[in-house]
Amino acid sequence: ASPSLPVKTLQEFIPYARARPGQLNYGTSGRGGGAHLTGAMIASTLNIQMQDVPYKGSPPALVDLMGGTLSLHIDQVSSALPLYKAGRVNVLAITGEQRVAAAPDVPTFVESGFPKMVRNSLIGLFAPAGSPADAIKVLNNAVKTALAREDLRSHFGQFGTLLEWTTPEREIALFREDYKEAGALMRAMKIEMR
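I will try to describe carefully the structure that is included in this document. (Residues numbered from 1 in each chain as written. Predicted model: local features only at pLDDT ≥ 70, side-chain atom pairs only at ≥ 80, totals over all residues. Heavy atoms only, no water.)

Comments concerning the nonpolar core
Argument step 1. With 30 residues, the main nonpolar core has Leu10, Phe13, Leu46, Met50 and Phe109 as its most contacted residues.
Argument step 2. Mapped onto this core, the elements with two or more residues apiece are helix H1 (10-18), strand S1 (24-28), helix H2 (34-46) and helix H7 (168-188).
Argument step 3. With seven residues, the single largest contributor to this core is H2.
Argument step 4. Listed in part, the 14 residues of the second largest apolar core include Tyr55, Leu62, Leu65 and Leu81. (Core = buried A, V, L, I, M, F, W, Y, C linked by side-chain atoms within 4.5 Å. Buried < 20%, exposed > 50% of the residue type's maximum accessible area, 1.4 Å probe, protein only. Helix = DSSP H or I, 4+ residues; strand = E, 2+ residues; numbered from the N terminus.)

Laid out in C-alpha cells, this is it:
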C-alpha cells in the first residue's frame, strides 16, 4: 500500500476501501497476469471496487506507489520487501498460505479471516517436450539436492521466497491447476484481455 494511504493493516484498509468504491487503484505487471488476477481476487474477496493499472514491470509501479499515484501494488514479496523494510511502502497481507520469514510481522489473508484468498506464484524448471526421461530425472534430482542446501534456502528466504521441491508430475499438475484457476477467475470477474 502507498504510504500516502492512512492505513497500515488489512483491517484498516478494508473499511477505508469500502467507503471509497472505485476511487482506489492497484498496479500490476500487466493485464491478465498473475498480479492482475490476484488483485481482482482480492477486490472480490474483500468486497471492494478498485481499478487495475497495468505496468510494464514492477519497478515503475513501485515508484508510483511510493509517490502516491497508486493506492496499492500487487507484487512478489521479494520486490516489495526492501521498500517495506525501509518504511517506504506498507505491506498489508501475503497471499501465500504461510507467513514468510523475511517479513514475520505481515499476516496472510488466511489468518486475517479470508481462507479462500490464497494465490501462490509458481516457478518451475522446464525442458523441451520429448526430453528423455532419464535426463528429466537427473535434472529433478539436481534441483532436489540444491533446494535441500541450507545456504540456498537461507539466501532465498531473506527475500521472502519459499523453496519447495516436487516431482515433475506434481509440478505439471500444479501448473495445470493454476491455469484452470486463472481461467475461472478471469471468467468470474469478467477480465478481458485488451
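Here's the deal with the sheet that holds S1
Argument step 1. Read from one edge to the other, the open sheet built from three strands follows the order S2-S1-S3, with strand pairing classed as parallel. The sheet is open, and its two borders are formed by strand S2 (50-54) and strand S3 (72-73), each paired with just one other strand.
Argument step 2. The sheet contact formed by S1 and S2 spans five bridges and is parallel. Counted as the bridge partner of Thr28 is Pro54 from S2. (Pairing = 2+ DSSP bridges.)

Some details on the pattern of salt bridges
Argument step 1. In the structure shown here, the tally under the stated rule is five salt bridges.
Argument step 2. Linking Glu181 and Arg119 is a salt bridge whose minimum nitrogen-to-oxygen distance equals 2.8 Å. Residue Glu181 is located in helix H7, and its partner Arg119 is located in the loop between helix H4 (77-85) and helix H5 (133-147); the two are separated by 62 residues in the primary sequence.
Argument step 3. By relative accessible area, which is 36% here, Glu181 ends up partly exposed.
Argument step 4. We note a salt bridge from Glu177 to Arg170, for which the minimum N-O separation is 3.1 Å.
Argument step 5. A residue is classified by how much of its surface remains accessible, and Glu177, at 44% relative accessible area, is partly exposed.
Argument step 6. Linked by salt bridges that have partners in common, Arg119, Asp178 and Glu181 make up one network. (Salt bridge = Lys/Arg side-chain N within 4 Å of Asp/Glu carboxyl O.)

Digging into the pairing of S1
Argument step 1. Most of S1 sits inside the fold, with five of its five residues counted as buried.
Argument step 2. Residues of S1 alternate between two faces, with Leu24, Tyr26 and Thr28 on one and Asn25 and Gly27 on the opposite face, all of them buried.
Argument step 3. Once you follow S1 into H2 and on to S2, the crossover reads as right-handed.
Argument step 4. Alignment of S1 against S3, held across two bridges, turns out to be parallel. Paired with Tyr26 across the bridge in S3 is Leu72. (Right-handed = clockwise from strand over helix to strand, strands pointing away.)

So, the layout of surface pockets
Argument step 1. By volume, the second largest pocket is sized at about 270 Å³.
Argument step 2. Forming the boundary of the second largest pocket are 16 residues, of which Tyr26, Ala40, Asp52, Met189 and Ile191 lie nearest the centre.
Argument step 3. Listed by contribution, the elements that provide at least two residues to the lining of the second largest pocket are H2 and S2.
Argument step 4. The element contributing the most residues to the lining of the second largest pocket is H2, with four residues. (1 Å grid on protein atoms, 1.4 Å probe; cavity = no way out; pocket = protein on both sides within 12 Å on 5 of 7 lines; lining within 4 Å. Points joined across faces, edges and corners; volume = space filled by probe spheres on them.)

Considering the environment of Arg119
Argument step 1. Accessibility expressed as a relative area gives 8% for Arg119, which makes it buried.
Argument step 2. Arg119 sits 82 residues away from Leu37 along the chain, and the two C-alpha atoms are 9.2 Å apart.
Argument step 3. In terms of polar contacts, Arg119 uses its side chain to reach the side chain of Glu181, at 2.8 Å. (Polar contact = N/O pair within 3.5 Å; in protein donor to acceptor, adjacent residues only side chain to side chain.)

Focus on the side chain of Arg119
Argument step 1. Looking at Arg119, its side chain comes within polar contact range of the side chain of Thr38, at 3.4 Å.
Argument step 2. Dropping the residues within four chain positions of it, Arg119 is found in contact with Gly34, Leu37, Thr38, Met41, Thr95, Gly96, Asp178, Glu181 and Leu185. (Contact = heavy atoms within 4.5 Å.)

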